[in-house]
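# Coordinate analysis (summary)
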Amino acid sequence: MAAQCLAHALVALSFTGAIGLTFLMLGCALEGYGVYWPLFVLVFHMISPIPYFIAKRVTDDSDASSSACQELAYFFTTGIVVSAFGLPIILARVSVIKWGACGLVLAGNAVIFITIQGFFFVFGRGDDFSW
Amino acid sequence: MAGFLDNFRWPECECIDWSERRNAVASVVAGVLFFTGWWIMIDAAVVYPKPEQMNHAFHTCGVFSTLAFFMINAVSNAQVRGDSYESGCLGRTGARVWLFIGFMLMFGSLIASMWILFGAYVTQNTNVYPGLAVFFQNALIFFSTLIYKFGRTEELWG
């Protein structure tokens, strides 16, 4: 039963991930836009889980509820997320991309980051479901 | 009439234990402020590329603010008090000197950014946006430092 739940969650997450990437690609490929600079936000999407995994690997003590390394990882992850939103805005400010494309890319960013967070939520839970 | 709000309590949300998550929330808020500050400066540098509009030397304030952020947050409060088991490479006095220098750099950069805003932009009757960007970058990094340093509790580190 739990495995079926996880399978459903995986399908739902891949659906939202595809929606997010669709928004991103629409921001690049639509008739009036045609510029592919916004695809650079994919770099931010790919590196966003890395600080968390580095902190998890480095911290051995699982009794403590938090550690300095884990908090630094949250700090840098937040920075990567902010940067993924900042880049399209700056591209639109200097008219490299149009504001409509910027809006689509920001929407795609939001959906993709929610998907990534959903992955951590669903698959990082472990056996206990308490808060 | 006096004290009529004394028995007022915020509606309780029992589902999340905020005391356990205080450090994570503080880290995330500090991250948002810090990187928003940097992106404001990047925006100003991109929109005003000529040195007459924004002198490239004004980036120095942000660089020193960032350096100060990492200096201030490199020492834990326990090391400054002398409480921690391992003394670190500087000891208690060294940690205090390090923290002092860090805070001096931070305040110096903040004051310098205010000086730049008023001396190079407000009084010169030019477009004031680059000066505001320098000021907001340093102000946001300053507040981010405070939240990251004092918003987290070391008791959660076990």
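As the structure is a computational prediction, the values presented were derived from the model and not from experiment. (Residues numbered from 1 in each chain as written. Chains lettered and ligands numbered in written order. Predicted model: local features only at pLDDT ≥ 70, side-chain atom pairs only at ≥ 80, totals over all residues. Heavy atoms only, no water.)

## Some points on the overall build of chain A
Of the regular secondary structure elements, chain A holds five helices and zero strands. In sequence order, the secondary structure elements of chain A are arranged as α-α-α-α-α. Based on the C-alpha atoms only, the size of chain A along its principal axes is roughly 55 × 35 × 20 Å. With 131 residues in all, chain A has 35% of them scored as buried. For chain A, contacts bridging at least 24 residues in sequence account for 65% of all contacts bridging at least 6. Distance from the positive charge centre (5 side chains) to the negative charge centre (7 side chains) of chain A: 16 Å. (Helix = DSSP H or I, 4+ residues; strand = E, 2+ residues; numbered from the N terminus. Buried < 20%, exposed > 50% of the residue type's maximum accessible area, 1.4 Å probe, protein only. Contact = heavy atoms within 4.5 Å. Lys, Arg positive; Asp, Glu negative; His and termini not counted. Charge placed at Lys NZ, Arg CZ, Asp CG, Glu CD.)

## Focus on the UniProt feature "transmembrane region" (unreviewed entry) in chain B
Residues annotated in UniProt with the feature "transmembrane region" (unreviewed entry) correspond here to residues 24-42, 57-76, 97-122 and 128-148 of chain B. Span residues 97-122 of chain B is 100% helix and 0% strand, its end C-alpha atoms 36 Å apart. (UniProt positions renumbered as here; feature names shortened; annotations may be inferred.)

## Topic: the interface of chain B and chain A
Bring the parts together and some accessible area is lost; that lost area is often taken as the interface size. At the junction of the two partners, chain B supplies 27 residues and chain A supplies 20 residues. Together, the buried faces of chain B and chain A total about 2,000 Å²; carbon and sulfur atoms form 70% of this surface. When the area that chain B buries against chain A is broken down by residue, the three leading residues are B:Phe35, B:Trp39 and B:Trp157, summing to 29%. In this structure, the connection of chain B to chain A is made through two salt bridges. In this structure, A:Arg93 and B:Asp43 form a salt bridge, with 2.7 Å as the shortest nitrogen-oxygen distance. The tally of links between chain B and chain A comes to five residue pairs in polar contact (both at pLDDT 80 or more). (Buried area = accessible area lost by both parts, 1.4 Å probe. Salt bridge = Lys/Arg side-chain N within 4 Å of Asp/Glu carboxyl O. Polar contact = N/O pair within 3.5 Å; in protein donor to acceptor, adjacent residues only side chain to side chain.)

## Focus: a nonpolar patch on the surface
A cluster of nonpolar side chains, namely A:Trp37, A:Phe40, A:Val43, A:Met46, A:Ile47, A:Ile50, A:Ile54, A:Val58, A:Val94, A:Val96, B:Ile42 and B:Val46, defines an oily patch on the protein surface of about 1,000 Å² accessible area. Contributions of two or more residues to the nonpolar patch are made by helix H2 (41-47) and helix H3 (50-58) of chain A together with helix H1 (18-47) of chain B. Summarising the element assignment, A:Ile47 is placed in helix H2. (Patch = residues over 30% accessible without salt bridge, like charges linked within 9 Å, V, L, I, M, F, W, Y side chains within 5 Å. Areas by Shrake-Rupley, 256 points an atom, 1.4 Å probe, with all protein chains shown as cover.)

## Some thoughts on the packing of aromatic side chains
The full count for this structure, using the stated rule, is 24 aromatic pairs over all chains. Ring centres 5.0 Å apart and planes at 20 degrees place the aromatic pair A:Phe75 and B:Phe69 in the stacked group. Linking A:Phe75 in helix H4 (residues 68-93) with B:Phe69 in helix H2 (residues 59-74), this pair reaches from one chain into another. Both residues of the pair, A:Phe75 and B:Phe69, count as buried. On the numbers, 5.8 Å between centres and 35 degrees between planes, the contact of B:Tyr48 with B:Tyr129 is tilted. Of this pair, B:Tyr48 sits in the loop between H1 and H2 while B:Tyr129 sits in helix H5 (residues 129-150), and the two are 81 residues apart along the sequence. With relative accessibility at 15%, the residue B:Tyr48 sits in the buried group. With relative accessibility at 27%, the residue B:Tyr129 sits in the partly exposed group. A cation over an aromatic ring shows up here: B:Arg152 above the ring of B:Tyr148, its NZ or CZ 3.9 Å from the ring centre. (Phe/Tyr/Trp six-rings, centres within 6.5 Å; stacked < 30°, edge-to-face > 60°. Lys NZ or Arg CZ within 6 Å of the ring centre and 35° of its normal.)

## Observations regarding the nonpolar core
A:Phe75, A:Leu87, A:Ile97, B:Phe34, B:Phe69, B:Leu99 and B:Met106 are the most contacted members of the largest nonpolar core, which totals 36 residues. Looking at this core, the elements that each hand over two or more residues are H2, H4 and helix H5 (99-123) of chain A together with H1, H2, helix H4 (91-122) and H5 of chain B. Here this core takes eight residues from H4(A), the largest share from any one element. In this view, B:Phe34 contacts A:Phe75, B:Thr66, B:Phe69, B:Phe70, B:Ile141 and B:Ser144; residues no more than four positions away in its chain are not counted. Residues B:Ala44, B:Met54, B:Phe58 and B:Cys61 belong to the second largest nonpolar core, which totals nine residues. (Core = buried A, V, L, I, M, F, W, Y, C linked by side-chain atoms within 4.5 Å.)

## Points about unusual backbone geometry
Glycine aside, the phi torsion of most residues is negative, and most peptide linkages are trans. The backbone of A:Ser95 shows a phi angle near 60 degrees, a positive value even though the residue is not glycine. Inspection of the secondary structure puts A:Ser95 in the loop between H4 and H5. By relative accessible area, A:Ser95 is classed as exposed at 62%. One non-glycine residue, B:Asn125, lies in the positive phi region at around 60 degrees. Inspection of the secondary structure assignment puts B:Asn125 in the loop between H4 and H5. What makes B:Asn125 exposed here is its relative accessible area of 74%.

## Considering the packing of H3(A) against H4(A)
Residues and elements named next belong to chain A. Two numbers describe how H3 lies on H4: the axes approach to 8 Å, and their chain directions differ by 170 degrees. As judged from the angle between their axes, H3 and H4 are roughly antiparallel. For the pair H3 and H4, contact is made by Pro51, Tyr52, Ala55 and Val58 and by Cys69, Gln70, Ala73, Tyr74, Phe76, Thr77 and Ile80, respectively. Taken together, the residues that form the contact of H3 with H4 break down as nine nonpolar, two polar and no charged. (Axes fitted to C-alpha atoms, helices over the stretch in contact; angles between N-to-C directions. Parallel < 35°, antiparallel > 145°, perpendicular 65-115°, else oblique. Nonpolar A, V, L, I, M, F, W, Y, C, P; charged D, E, K, R; others polar.)

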